[in-house]
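Single-letter residue listing:
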Amino acid sequence: VCAKATEDASLQYSFEVTGGDFATAGDSSSRIKKILQQIAADPEVVRRVAIACYEAEMNVVIHAHKGTMTLNAWPHRIRIVVQDEGPGIEDIERAMQPGFSTAPDAIRELGFGAGMGLPNMKNCSSGMEIESTRGVGTTVRMEFDNA
């Protein structure tokens, strides 16, 4: 965990996420939720950030080798950036369709990989951008208005 204040954000934390590590999957999302509760972010915004972060974290655990989840918080805005090193997303538009999944059967048997991660992330956030390079990795940026 790395915490610091920057000129750009009033609060910044970064968390490492390990691909394939289902034992700790969800830990970073839970920590972000607790931080937002501690700074008295709007409870509805905290709920939406927690859901989006969990979905993003699970995508890293399922699909990538490793990744970083970064929280930037300002008094009225929250940004989550998730960067991973993995196969990348071949067709982002298709990946955004509810129910589309590239998760292997073994992951689906664990109850994950239903193809709702990216759509849920988009629905929970005020805005979302995805950049992906095949064979390199994916970066997802999500913004949340904290009124």
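Residues numbered from 1 in each chain as written. Predicted model: local features only at pLDDT ≥ 70, side-chain atom pairs only at ≥ 80, totals over all residues. Heavy atoms only, no water.

## Side note on the pairing of strand S3 (residues 66-74)
For a regular strand, side chains alternate in direction, first toward one face of the sheet and then toward the other.
Phase 1: Of all 9 residues that make up S3, 7 are buried, and the element is covered over most of its length.
Phase 2: Taken together, the 8 bridges between strand S2 (residues 11-18) and S3 define a ladder with antiparallel strand orientation. Across the sheet, the residue bridging to Glu16 is Thr68, located in S3.
Phase 3: When S3 meets strand S4 (residues 77-85), the two strands line up antiparallel, connected through 9 bridges. (Buried < 20%, exposed > 50% of the residue type's maximum accessible area, 1.4 Å probe, protein only. Helix = DSSP H or I, 4+ residues; strand = E, 2+ residues; numbered from the N terminus. Pairing = 2+ DSSP bridges.)

## Notes on the pattern of salt bridges
Phase 1: In the structure shown here, the tally under the stated rule is 5 salt bridges.
Phase 2: Residue Arg79 is joined to Glu143 by a salt bridge in which the shortest nitrogen-to-oxygen separation is 2.6 Å. In this pair, Arg79 is assigned in strand S4 and Glu143 in strand S6 (residues 137-145), connecting sequence segments 64 residues apart.
Phase 3: For Glu143, a relative accessible area of 22% puts it in the partly exposed group.
Phase 4: The residue Arg141 makes a salt bridge to Glu131 at a minimum N-O spacing of 3.0 Å. Of this pair, Arg141 sits in strand S6 while Glu131 sits in strand S5 (residues 127-133); the two residues are 10 residues apart in sequence, bridging distant segments of the chain.
Phase 5: Accessibility expressed as a relative area gives 29% for Arg141, which makes it partly exposed.
Phase 6: Here Glu131 falls in the partly exposed class, since its relative accessible area comes to 45%. (Salt bridge = Lys/Arg side-chain N within 4 Å of Asp/Glu carboxyl O.)

## Comments concerning helix H2 (residues 43-63)
Phase 1: Taking 1.5 Å of rise per residue, 21 residues should cover 30 Å, and H2 covers 30 Å from first to last C-alpha, within 8% of that figure.
Phase 2: Residue Asp42 occupies the N-cap position of H2, its side-chain oxygen lying 3.0 Å from the main-chain nitrogen of Glu44. (Expected span 1.5 Å × (residues − 1). Polar contact = N/O pair within 3.5 Å; in protein donor to acceptor, adjacent residues only side chain to side chain.)

## Details of helix H1 (residues 27-38)
Phase 1: Counted at 1.5 Å a residue, the expected span for H1 with its 12 residues is 16 Å, and the 17 Å between its end C-alpha atoms agrees.
Phase 2: Buried within H1 we find Ser28, Ser29, Ile32, Ile35 and Leu36. Down the axis of H1, the smallest arc covering the buried residues is 125°, so these residues share one side. More than 90 degrees from the buried face of H1, the exposed residues found are Lys34 and Gln38.
Phase 3: For H1, the elements touching its buried residues are S2, H2, S3 and S4.
Phase 4: At the exit of H1 stands Ala40, carrying a positive phi of roughly 65°. (Arc of directions from axis to C-beta. Contact = heavy atoms within 4.5 Å.)

## Quick notes on the environment of Gly99
Phase 1: Structurally, Gly99 is set in the loop between helix H3 (92-95) and helix H4 (105-109).
Phase 2: Note on Gly99: relative accessible area 47%, which makes it partly exposed.
Phase 3: Sequence separation of Gly99 and Gly113 is 14 residues, and the distance between their C-alpha atoms is 8.8 Å.
Phase 4: For Gly99, the residues in contact, after removing those within four places along its chain, are Ala114, Gly115 and Met116.

## Observations regarding the packing of H2 against helix H5 (residues 117-124)
Phase 1: Relative orientation of the contacting elements H2 and H5 amounts to 155°, with a least axis distance of 9 Å. Comparing the axis directions of H2 and H5 gives the class roughly antiparallel. Like other packed secondary-structure pairs, H2 and H5 cross with a definite hand, here left-handed. When H2 is examined against H5, the residues Arg48, Ile51, Ala52, Glu55, Ala56 and Asn59 are found in contact with a partner set consisting of Gly117, Leu118, Asn120, Met121 and Cys124. (Axes fitted to C-alpha atoms, helices over the stretch in contact; angles between N-to-C directions. Parallel < 35°, antiparallel > 145°, perpendicular 65-115°, else oblique. Left-handed = near helix turned anticlockwise from the far one by under 90°.)

Take it as geometry only, folks, not as evidence of what the structure does.
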